[in-house]
Amino acid sequence: MARFTPGRQAKPTRGTDTFSRIADIDLYAWVAQAEDGDALIYHRGFLVVDADRTVSTLPADRRLAVRGLADAAFRAAEQGLVHLVQERVGPNRFAYLAIARPKPKAAAASLSALLLDEQAA
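Residues numbered from 1 in each chain as written. Predicted model: local features only at pLDDT ≥ 70, side-chain atom pairs only at ≥ 80, totals over all residues. Heavy atoms only, no water.

**A short note on the side chain of Asp 38**
Mapped onto the fold, Asp 38 is located in strand E2 (residues 38-45). One polar contact links the side chain of Asp 38 to the main-chain amide nitrogen of Glu 35, over a distance of 2.9 Å. (Helix = DSSP H or I, 4+ residues; strand = E, 2+ residues; numbered from the N terminus. Polar contact = N/O pair within 3.5 Å; in protein donor to acceptor, adjacent residues only side chain to side chain.)

**Section: helix H1 (residues 24-33)**
Within the span of H1, buried status applies to Leu 27, Trp 30 and Val 31. Angularly, the buried residues of H1 cover 100° about the axis, an arc narrow enough to put them on a single face. Residues of H1 that are exposed and point more than 90 degrees away from the buried face comprise Ile 25 and Ala 32. (Buried < 20%, exposed > 50% of the residue type's maximum accessible area, 1.4 Å probe, protein only. Arc of directions from axis to C-beta.)

**Digging into the environment of Val 66**
Turning to its location among the elements, Val 66 is positioned in helix H3 (residues 60-78). Separated by 16 residues in the primary sequence, Val 66 and Asp 50 place their C-alpha atoms 7.1 Å from one another.

**Overview of the pattern of salt bridges**
Counted by the stated rule, this structure contains 1 salt bridge. In this structure, Arg 67 engages Asp 71 in a salt bridge whose closest nitrogen and oxygen atoms are separated by 2.8 Å. Of this pair, Arg 67 and Asp 71 both sit in helix H3, 4 residues apart, which is roughly one turn of that helix. (Salt bridge = Lys/Arg side-chain N within 4 Å of Asp/Glu carboxyl O.)

Structure (structure tokens):
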């Protein structure tokens, strides 16, 4: 895993092929074991175009996989697990990075939840 360094440039891919070689489940697995500051390039291309049904030139199965991966990254960001960053690597080409945030502390069970669990047993 790479550590994120501000100002570091993502290496462009060769050719014009879109790069998404991981699935949403792979992203979740990475998030679960990543340490604060670890970075993962989860897509290279132009995500909004690559994932769109009407303008993407990708085959349907790859387009759906890209859309699922983008949704998974967004959910991880909404939960405060990663920062999402994009770096320009060329004209209309970006590297999309997920940067791991510190893991949230597990919340202690509330007394009312424990009591409800005990009452249900």
